[in-house]
Amino acid sequence: MQHVSLLAFNKEKCKPFFDNLTNFFNDHHHSEKQNPDEYEKLLYMVKRPYDDNMLDMVDNWMNLSKRDWKGETTREVKLALYAIRYPDTLLIDSFTQKARSDIHRLSAYLHFTHHTYAIWDEDTRKGLVKLGINIPPTTVADPFIYGAYVSAIELLKDVAPFTCFLEHDIPRQRLFQAALAAYGRQE
Amino acid sequence: MSGTEIVEDYSPNFEAWINDFSEWQTRIGFDPSWLGDYRFDIKFDWDTAGNKIEFGDFEGMPKWERRMQIPQQNIRDAIITMISVQGDTEFASVEQQNHLLDTAPTEYDKKSALRIMCEEQRHGWQMAYVLCTYFGEQGVREASKLLERNALEGTRILGSFNAPIDHWLDFFCFTHFIDRDGKYQLKMLSTSSFKPLAASMGPMLKEESFHLGTGANGLRRIVKQGVIPCELLQKYLNKWISTGLDLFGTDDSTSAQWAYVYGVKGRYDERESDIDADREHLNEASRELYFQELRDEMRRISSARKEGEPDLFIPSDKFNRGIGMYAGLKYTITGEEFEGSDDDYETYLISVLPTQEDENKLMNDYMKQDWIQYREWKGN
């Protein structure tokens, strides 16, 4: 599925998105709801060795409810955060059901521990669909769907003109993901 | 829209230059194993470069894709000079910075600096490739010179690129202020009438944004940490900003005007601007945009300072200038004409620029502490 999406990629369709990417990014990332100051703090505070408090901080920033995970599940996820190498997502396939149950949460952990994996977000997915990259909706961590999502954002980074690249301390995956989220919401 | 071509086959001229490049790396002490799997690709973004000359006396005509399409020898010479100066800065910055890797405050900073040095070398390769591939013997000679001049011997073309970068505060100032000037130069060349030069700029600008981010963020992390007092930091800003402003060249520059007439080098905002260029004041216009950008960036950096620390600011563009209408004149950092003798002014400069005593305090006291906000290297 990943290959089908990317082979069907139409660069011309991306022009309106790329032309306004920095505005889209600012609309989303610098909105009150996204709490950019807290986001920046997390870029520094989430570091090895990972502990539960760090995951809690990410949950808070994401406005997610408290993790309803057994200690064993948390350990499993933390180990995976050490082991996984960008852009691999297949490791997710080996997770137990509980750990895979929320792509939104898991992708945020991946994002803040690696600064590369993009946060899964429904608006971002819709943004990709508007660009002709059809990633299906999901709430669980499907390694193939999330892999396609990550690869699609990576592809956009590759083909985007230099005018899209801000000089600020924001991982480029966040720059594109946040811009896509605003673009996806736009009527 | 960007469609980047990565060149697979090199001309014999460029292959020979690559051998010289390896010797240059050895000479300056840059270990090629530091590059890991990084490759010096030659990249062209032909789409963004455009097909028609965008400004100047040849506006509307097809962009030149080969040397022989360039209508006059003096235009060829101007293009070769532009490429040579750009390439010269790329290699110079690696010579200036590579000794810092041993004293990086964190692994993250070391890897960031290494990435910057890799990309600067790639930019140098790109300029050498254009010289060797498109400009025959003359280009090959100029490409060789890129590796012969040396920042540590003071023989690089531009002053800032011969200045020592003694420590990491200088490194962050350099990447924030001097690489930002580099961004301006690259963007001004991105609309060039010589298509291979214009098409080189898109990929280089993409990479350059990381360099600027490293500088801006490094300064912000230092301010946030609050170990180095803002009063001392301000002295380093005063030192580097005047250098950055000088890099835009002389006022009323005729060479900038000719470059515009030839369509070789545009304004920073050439594609965005809807007013005609003031051809007699091109350098001043670009410098003013740069200066405004510095002020905006400094507000963001200064906002991270600890309570009680003074605001950091961008000194006046009249202060400590070596080039332009204020060159050699006595002005304060806030832009007032200095009233007093030359000796008084020397005393004043000591109070606003880093002294040897400041350097010692910085390196032997502040930098022995946790002087910069820690950031983890994520290993990607």
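Before reading further, recall that the structure is shown in the block above.
None of the values given here were measured: they were computed from a predicted structure. (Residues numbered from 1 in each chain as written. Chains lettered and ligands numbered in written order. Predicted model: local features only at pLDDT ≥ 70, side-chain atom pairs only at ≥ 80, totals over all residues.)

Novice: Help me understand the environment of Pro62(B), please; the structure alone is not making it clear to me.
Specialist: All names here are of chain B. Here proline 62 shows up in the loop between α2 (46-49) and α3 (73-97). In the structure, proline 62 is positioned 33 residues away from glutamate 95 in sequence and 38 Å away in space, judged by C-alpha atoms. Excluding residues that lie within four positions of it along the chain, proline 62 makes contacts with Asn51 and Lys52. (Helix = DSSP H or I, 4+ residues; strand = E, 2+ residues; numbered from the N terminus. Contact = placed C-beta atoms within 7 Å.)

Novice: I keep staring at the interface of chain A and chain B and nothing clicks. Help me out?
Specialist: Often, the extent of an interface is quoted as the loss of accessible area upon association of its parts. With 21 residues of chain A at the interface, the matching set in chain B holds 17 residues. For the side of chain A that touches chain B, the residue count by class is 10 nonpolar, four polar and seven charged. (Nonpolar A, V, L, I, M, F, W, Y, C, P; charged D, E, K, R; others polar.)

Novice: Whenever I open this one, the packing of helix α4 (residues 107-134) of chain B against helix α7 (residues 195-225) of chain B confuses me. Can you help?
Specialist: When two helices pack together, their arrangement is given by the angle between the helix axes and by the axis-to-axis distance. Residue and element names in this part refer to chain B. Axis separation between α4 and α7 bottoms out at 10 Å; the angle between their running directions is 165°. In terms of orientation, α4 and α7 fall into the roughly antiparallel class. In this structure, the crossing between α4 and α7 has a hand that is left-handed. Contacts from Ser112, Arg115, Ile116, Glu119, His123, Gln126, Val130 and Tyr134 of α4 reach α7 at Pro196, Leu197, Ser200, Met204, Glu207, Phe210, His211 and Thr214. Split into classes, the residues belonging to the contact of α4 with α7 amount to seven nonpolar, six polar and three charged. (Axes fitted to C-alpha atoms, helices over the stretch in contact; angles between N-to-C directions. Parallel < 35°, antiparallel > 145°, perpendicular 65-115°, else oblique. Left-handed = near helix turned anticlockwise from the far one by under 90°.)

Novice: Where do I start with the packing of α3(B) against helix α5 (residues 136-148) of chain B in this structure?
Specialist: All names here are of chain B. One can describe the packing of α3 onto α5 by two numbers: an axis separation of 9 Å at closest approach and a directional angle of 25°. In terms of their interaxial angle, α3 and α5 are classed as roughly parallel. Considering how the two elements wind past one another, α3 and α5 form a crossing that is right-handed. Across from Ile80, Ser84, Gly87, Asp88 and Phe91 in α3, the residues of α5 making contact are Gln138, Gly139, Glu142, Leu146 and Leu147. Per-class residue counts for the contact of α3 with α5 are four nonpolar, four polar and two charged.

Novice: Please clarify how the nonpolar core should be interpreted in this entry.
Specialist: Ranked by size, the top nonpolar core spans 132 residues in total, and within it Tyr109(A), Tyr149(A), Ala179(A), Ile79(B), Ala128(B) and Leu131(B) carry the most contacts. Ignoring sequence-local partners within four residues, the contact set of Tyr149(A) consists of Ala118(A), Trp120(A), Arg125(A) and Ile135(A). (Core = buried A, V, L, I, M, F, W, Y, C linked by C-beta atoms within 7 Å. Buried ≥ 20, exposed ≤ 12 C-beta atoms within 10 Å, placed from the backbone.)

Novice: Would you mind going over helix α5 (residues 52-61) of chain A with me for this structure?
Specialist: Along an α-helix, a turn takes 3.6 residues, which lines up residues three or four apart on a common side. All names here are of chain A. Of the positions making up α5, those classed as buried are Met54, Leu55 and Val58. The buried residues of α5 occupy one face: seen down the axis, they fall within an arc of 100°. In this fold, the buried residues of α5 make contact with α4 (36-45) and α7 (103-114). Asparagine 63 sits one or two positions beyond α5 and adopts a positive phi of about 60°. (Arc of directions from axis to C-beta.)

Keep in mind that these numbers describe shape and distance, not what the molecule does.
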